[in-house]
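Summary of the model geometry
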Amino acid sequence: MNPFTYRFQVLALSGAIASLLLTGCAQKEAASSAPGIAETKAIAEEGFIYGLPIVMNYAVMNEFAVDTKSNQFKAPFNEINNQHRVATYQDTAVVTPNSDTPYSILWLDLRSEPMVISVPAVDKARYYSVQLIDGNAYNYGYIGSRATGSEAGDYLVTGPDWKGETPAGINKAFQSTTPFALTIFRTQLFNPADMPAVEKVQAGYKVQPLSAFLKQPAPPAASTIDFVPATTAGIKENFFPYLDAALQFVPASADNKDILAKLASIGVGPGKKIAYKDLSVEHKAAVLLGMKQGDDKVDQYLTTGSKDINGWKVGAFFGDQAFYNGDWLKRAAGAKGGIYGNDGSEAVYPMTRVDAAGETLDGSKHAYTLNFPAGQFPPVNSFWSVTMYDGKSQFLIQNPIDRYLINSPMLPSMKVNADGSVTLYIQKDSPGKDKESNWLPAPNDTIYLVMRLYWPKTEGVSILPANDGTWKPPGVVKAS
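None of the values given here were measured: they were computed from a predicted structure.

1. Description of the overall build of the protein
In terms of helices and strands, the protein carries 10 helices and 20 strands. Over its C-alpha trace the protein gives a radius of gyration of 24 Å, about what one expects of a compact globule, namely 23 Å for 480 residues. In terms of overall dimensions, the protein has a C-alpha envelope of 80 × 60 × 40 Å along the principal axes. Per-residue burial for the protein yields a buried fraction of 56% across its 480 residues. Nonlocal contacts in the protein, meaning residues at least 24 apart in sequence, comprise 74% of its contacts between residues at least 6 apart. Here the protein has roughly 19,900 Å² of accessible surface; of this, 51% comes from carbon and sulfur atoms. Charge centroids of the protein, computed over 42 positive and 46 negative side chains, lie 2 Å from each other.

Structure, rendered in structure tokens:
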């Protein structure tokens, strides 16, 4: 769905549990302080569902902003990293990468004082968005074409404990529920030759402390934190130790206080009376079983939480704290499907692995077409795209014309049928020179397609609400 869709699988339980049971004596004192085995398993299941987005975010934060030796490191806290390109087949750090918009990445540390994000005036024809995401994986605000317009502006971002007044000169204020928060800037690229114009927009993105914005003395700096190291690759083996570390930076609230208390009872998070590492072998085996059951529930929700429309899965998994309203399963499903996805009002992501008949898409066996009838393109205020991925790896695929997607800015150069419709040719081999303008190269294997609708229309024909809109994506049809 987006460039931060990390692969995630719970560890193979049979081998892990067998290993635990062979380790010898349990830590009896910890076992006597912990809940019973059945209750521990239930807490682990609920805790996995609650904690998955928090753990994934914590690992990404470590790789992007903390560990300077990570090959994913972008920039220290409170500095913007501008990426002057879109993803290609060579980008394999994350799955389902977005190849529509170059990104700018900013991790905020809001402990000592608020930060001010400034954006330049952007041509109304060019879509851009600034997505504000906190450590709970809540989208707590937006700046950009849809949310605030194309004019230049200064926006205040505060931490959970800040009580000050919004100063003059600030267009709008946003409050994160956590002291550390991610900001993702997306800037539309029209074509490869357009990159210098994108870079000019990116150069206008600025961040500074509120004190600097007001030209006042800075408050004392926040203390240095020795973050518990975490990597996205290490999540499956270290889920609860990572969650224990991450919860230091997730304040208690009305909707999470109960699960935080339960997690503390098994040695995870603030207020714990035992250490998770000291749980007995039997308790740890119960934790693993609970994790597996939680993960199964997340997978189930990913299937049932979306509506099947002509073979495409269409749904809404992302939003702010009020959107989730304590529905941790929906939040976990969104994170596993593609953490840091946009609110439905900003973007909707139909996705499919099957054709209109429900058969698996496979470029080694068939050629396919996707036909948009005249006047029935995806209804957006900005732009739409259809991106091709390898069905197994979910990476972009190498192809002879270096094309990874077809999007609406390409329509003027595409071939239009006599009836005004536009047909996309989805196949591994060229459909012929006369049709190559409409060719979306496919792998010689299974296919995964993602449609992206940026700033979907809300009036008239619309994909919104995401699982019950009046516009339906057309099905992919087997051509041969």
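2. As for the confidence of the model for the protein
For the protein, the mean per-residue pLDDT works out to 92, and 93% of the residues sit at or above 70. Of the regions scoring below 50 in pLDDT, residues 11–15 engages in 7 contacts with residues more than four places distant in sequence or in other chains.

3. Observations regarding the sheet that holds strand E6 (residues 153–158)
Ordered in space as E7-E6-E3-E9, the 4 strands form an open sheet in which the pairing is mixed. Looking along the sheet, the strands with just one partner apiece sit at the ends: strand E7 (172–175) and strand E9 (206–209). In this sheet, neighbouring strand axes are inclined to one another by 25° on average, regardless of whether the strands run parallel or antiparallel. The pairing of E6 with E7 spans 4 bridges and is parallel. Paired with Thr158 across the strands is Gln175, a residue of E7.

4. Some remarks on the packing of aromatic side chains
Each aromatic ring pair is characterised by the separation of its centres together with the angle its planes make. Within the structure shown, the criterion is met by 22 aromatic pairs. Through a chain of ring-to-ring contacts, three or more aromatic side chains come together here, namely Phe48, Phe239, Phe240 and Tyr276. Here the guanidinium or amino end of Arg146 rests over the ring plane of Tyr142, the centre of that ring lying 5.2 Å away. Looking at Lys330, its charged tip hangs above the ring of Phe323, at a distance of 4.6 Å from the centre.

5. As for the environment of Asp355
Here Asp355 is to be found in the loop between strand E13 (351–352) and strand E14 (368–372). Given a relative accessible area of 3%, Asp355 falls into the buried group. Remark: the alpha-carbon pair of Asp355 and Val476, spanning 121 residues in sequence, is separated by 4.7 Å.

6. Topic: the sheet that holds strand E18 (residues 439–441)
Pairing is mixed across the open sheet formed by 4 strands, whose spatial order is E18-E17-E14-E20. Sheet topology places E18 and strand E20 (477–478) at the edges, where each strand pairs with a single neighbour. Bridge count between E14 and strand E17 (residues 422–427): 5 bridges; the pairing is antiparallel. What sits directly across from Leu370, in E17, is Leu424.

7. A short note on the pattern of salt bridges
Per the stated rule, a full pass over the model turns up 18 salt bridges. For Lys262, the salt bridge goes to Glu46, with nearest N and O atoms at 3.0 Å. In this pair, Lys262 sits in helix H7 (residues 257–265) while Glu46 sits in helix H3 (residues 37–66), placing the two residues 216 residues apart along the sequence. A salt bridge links Asp258 to Lys257; the nearest nitrogen and oxygen atoms lie 3.9 Å apart. A relative accessible area of 52% places Asp258 in the exposed class. A single salt-bridge network, built from bridges that share partners, covers Asp295, Asp299 and Lys336.

8. Thoughts on the pairing of strand E4 (residues 128–134)
Regular strands place side chains that alternate from one sheet face to the opposite one. Counting buried positions along E4 yields 7 of 7 residues, so the element is predominantly enclosed. Alignment of E4 against strand E8 (residues 180–187), held across 7 bridges, turns out to be antiparallel. Among the inter-strand pairings, Asp134 is bridged to a residue of E8, identified as Ala181. Relative to strand E5 (residues 139–144), E4 runs antiparallel, the two sharing 5 bridges. Directly across from Gln131, in E5, lies its bridge partner Tyr142.

Cut-offs used in this document
Residues numbered from 1 in each chain as written. Predicted model: local features only at pLDDT ≥ 70, side-chain atom pairs only at ≥ 80, totals over all residues. Heavy atoms only, no water. Helix = DSSP H or I, 4+ residues; strand = E, 2+ residues; numbered from the N terminus. Rg over C-alpha atoms; globule rule 2.2 N^0.38 Å. Buried < 20%, exposed > 50% of the residue type's maximum accessible area, 1.4 Å probe, protein only. Contact = heavy atoms within 4.5 Å. Areas by Shrake-Rupley, 256 points an atom, 1.4 Å probe, with all protein chains shown as cover. Lys, Arg positive; Asp, Glu negative; His and termini not counted. Charge placed at Lys NZ, Arg CZ, Asp CG, Glu CD. pLDDT = per-residue confidence, 0-100. Pairing = 2+ DSSP bridges. Axes fitted to C-alpha atoms, helices over the stretch in contact; angles between N-to-C directions. Phe/Tyr/Trp six-rings, centres within 6.5 Å; stacked < 30°, edge-to-face > 60°. Lys NZ or Arg CZ within 6 Å of the ring centre and 35° of its normal. Salt bridge = Lys/Arg side-chain N within 4 Å of Asp/Glu carboxyl O.

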